[in-house]
Amino acid sequence: QNSGNENPVERDLSLPEVISLALNRNLSLQRSSIQIQLRENTVVAEEAGFDPSLTASAGVTLRYSGDGRDPFWDTGEFSESANAGLNASMTLYRGGEREASLEEVKLNLQASQRDFDRSRQFILFQSVARYLETDLRLKEIDIQTEELASRRENLERIQVDYESEIRIFADVQRQRALVADSERRLAEARRSYESGLYLLKDLLLLPPSTPITLNLDNAVWLEPENIGEPNVSQSLARVFDRSDVEAQRLRLNAAKQGIRIAESGREISVTASASLRTSYSGTSRFGNFGEQFLENQPDASGGISLSIPIFDRKRTETNIAQARLQRDQEELDLADLEQAAETDFRLALLNFNSSKLQLKASQEQLSSAEIALEAEQARFEAGAATLLDVNSLRATRLDAAVSVEESRFDLFVNRLDISFQDGTIESFLLNQLGASIPELE
C-alpha cells in the first residue's frame, strides 16, 4: 500500500480488471477462505479419531542413599533403575458417535464452501454495480456541467438585455437562481462521484489515495438492445439450487447428524488396549541390564473394555432435546431462505421490467423536451415566449437527460440482479462482456 507521502500511480480500470481485483483482494472473501481452511482442519481431526493411539514412555533413575544411621557419604550405596513402555488404544465402537461426528463436520465444510461461492457472487455483483454507478455519476457531472455553462451564458445575455432595458430585474434574479441551482447540482454530482470512487477502492482493497479512472470505452454490452431477456421459468428453478440455499440444506443435514451424536450417549462403547512394559534395577537379583530389560522384565498385556451408561443425570436427554431444537431451527432457516430467495428474484424481475418502461419513457421525454425547448427558445428570441417558459423546459430537459442515464444504469443492474438471484451471475457476465476473465471461468 502507498503511504500518504508518496504519489500513487493513477490506475485506469476496465470492468474485467475490477472484477479480477474484487475476487482476488476483497477482505471478506479472504475471511471466508480462512473459515473453509478451519473446517478442513476439523475434518482431518475427526478422521484421525478412527486411528489407534500409540504412546511411548521411558525413564531412568539414579539414586545414592545412606543406611539411616551413619552419614550417607560414608555408608551410602549407589543404585540405578530404568523403565520403558508402549501403550496403544483404539475405540472400536462408540454408539455411532464417531461416524456421525465425521459426517457432521464434512457437511459443515461443504456448507462453508457453498457460502464462499455465494459470497463471491455477492462481491461480484457489488463490484460491477459500484463501478457502473460511479460511471453514472461521472455522466451526471457532464450533464450538469453542460447545463451550468448554458445557464451562465443565458445569464450574461439576460444581464446585457437588462442593462439595455429589454429585460426586467426579476428575469436576472430568476436566472441567477437557476445558475445557483445548477452549481448545487454539480457539486452534489461531484460529491457522489468521489464517494463512489472511495467505495469502489475500498471494495478492491486499493489505497484510498490512489487516483483511478473508469475505462468504459466501446461498452456495447451496456446498450439496452444488447441486454438479453431472462428465462423466467429456468431462473425460478435455479433459485432453489443456488449456493446459499444448498449451504442451508447441508447445515440442516449436519444438525440431523448432531441428533445421532446426542443419541449415542445411550449406547455402549467398546475400547481395545494393549501395552508392553519393561524395567531394570541395579540392585535386583535378576542380574545385569540386558537380562532384566530385554529378557526377564518385559510384560505384555491386552484387553477390551466396555462402558455402559446407566445414569448420567439426564445429560443425554437434554443433549438430544437441544440437538432436535437445533434441527428445527435449521429447518425454519431453510424455509425462510427459500421464501426470501423467490421473493428477491421476483422483485429483481419486477425492477427489470419496470426499468425497461422507465427507460423508454425517459428517452421519449428527453426527445420531446429537446424539440419543445428548441421551439420555445425560438419563440423567446422573437419575444413571443417568456423566460419562465424557456427555463421550465430547460429544467424538464435536464431532468429527462439525467433520467435516461439512470434508467440505462438501472436496466443493466436489475438484469444483473436477476442473474445474481438465480445464481448464474458468472456466466451472465462472461456472455455479456465477451471478455476472458479467469476468475469467472
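Per chain, the residues get numbers from 1 upward, laid out in the order the sequence is written. Local features in this predicted model are restricted to residues whose pLDDT is 70 or higher, and side-chain atom pairs enter the listing and the counts only when it is 80 or higher, whereas totals over whole chains, interfaces and linings include all residues. The side-chain values count all of the structure's non-hydrogen atoms but skip hydrogen atoms and water molecules.

Draft legend 1. Just the overall build of the chain, in detail. Helix and strand counts for the chain come out as eleven helices and six strands. The C-alpha atoms of the chain give a radius of gyration of 39 Å, which is well past the 22 Å a tight globule of 441 residues would have. Along the first, second and third principal axes, the C-alpha set of the chain runs to 135 × 60 × 45 Å. When accessible area is computed with a 1.4 Å probe and restricted to protein chains, residues below 20% of their type maximum are described as buried, those above 50% as exposed, and intermediate ones as partly exposed. Here the chain holds 441 residues, and the buried ones make up 37% of them. In the chain, 79% of the contacts between residues at least 6 apart in sequence involve partners at least 24 apart. Using a 1.4 Å probe, the Shrake-Rupley method yields the accessible areas, and only the shown protein chains count as cover for residues. Surface summary for the chain: the accessible area is close to 25000 Å², and the carbon and sulfur share equals 50%. Charged residues are defined narrowly, with Lys and Arg counted positive, Asp and Glu counted negative, and His plus the chain ends left uncounted. Charged groups are reduced to one reference atom each: NZ for lysine, CZ for arginine, CG for aspartic acid, CD for glutamic acid. The distance from the centre of the 48 positive side-chain charges to the centre of the 73 negative ones in the chain is 4 Å. A run of H or I in DSSP becomes a helix once it reaches four residues, and a run of E becomes a strand once it reaches two; helices and strands are each numbered from the N terminus. Within these notes, the globule rule equals 2.2 Å times the number of residues to the 0.38 power, and the radius of gyration is based on C-alpha atoms. Residues are treated as being in contact if the distance between any of their heavy atoms lies within 4.5 Å.

Draft legend 2. Structural detail: the pattern of salt bridges. Just to be clear on terms, a salt bridge is a Lys or Arg side-chain nitrogen sitting within 4 Å of an Asp or Glu carboxyl oxygen. Within this structure, the stated rule accounts for 29 salt bridges. Residue K139 pairs with D135 through a salt bridge whose shortest N-O separation is 3.5 Å. With K139 and D135 both in helix 4 (residues 97-163) and four residues apart, this pair spans about one turn of that helix. When the shortest N-O distance is used, the salt bridge between D399 and R185 registers 3.4 Å. Taken together, the residues D399 in helix 10 (residues 387-421) and R185 in helix 5 (residues 169-204) connect sequence positions 214 residues apart. Within the structure, one salt-bridge network assembled from shared partners comprises E147, R151, D181, R184, R185, R397 and D399.

Draft legend 3. View of unusual backbone geometry. Unlike most non-glycine residues, E165 shows phi in positive territory, near 65 degrees. Residue placement: E165 occurs in the loop between helix 4 and helix 5. Positive phi outside glycine occurs at L205, with the angle close to 60 degrees. Structurally, L205 is set in the loop between helix 5 and strand 4 (212-215). Among the residues examined, L205 registers a relative accessible area of 24% and is labelled partly exposed.

Draft legend 4. Focus on helix 2 (residues 27-48). The terminal C-alpha atoms of helix 2, which comprises 22 residues, lie 32 Å apart, in line with the 32 Å expected from a rise of 1.5 Å per residue. Buried residues along helix 2 sit against helix 1 (15-25) and helix 4. Multiplying one less than the number of residues by 1.5 Å gives the expected span of a helix.

Draft legend 5. Representation of a nonpolar patch on the surface. Only residues whose relative accessible area exceeds 30% and that form no salt bridge enter a patch; like-charged residues are grouped when within 9 Å of one another, and nonpolar side chains (Val, Leu, Ile, Met, Phe, Trp, Tyr) when within 5 Å. On the surface, M90, L92, Y93, I268, I304, L306, I308, I310 and F311 cluster together into a nonpolar patch covering about 980 Å² of accessible area. Contributions of two or more residues to the nonpolar patch are made by strand 3 (77-93) and strand 6 (299-307). It is strand 3 that contributes the most residues to the nonpolar patch, three residues altogether. Inspection of the secondary structure assignment puts I310 in the loop between strand 6 and helix 9 (315-381). For I310, a relative accessible area of 81% puts it in the exposed group.

Draft legend 6. Spotlight on the environment of N215. Mapped onto the elements of the fold, N215 is located in strand 4. When the C-alpha atoms of N215 and E370 are compared, they prove to be 29 Å apart, with 155 residues separating the residues in sequence. Here N215 is in contact with D12, L13, S14, L15 and Y131, once residues within four sequence places are set aside. Polar contacts, as used here, are pairs of N or O atoms within 3.5 Å; protein pairs need one atom able to donate a hydrogen and one able to accept it. Residues neighboring in sequence count only if both atoms are side-chain atoms. Of note is the side chain of N215, whose polar atom sits 3.2 Å from the side chain of D12.

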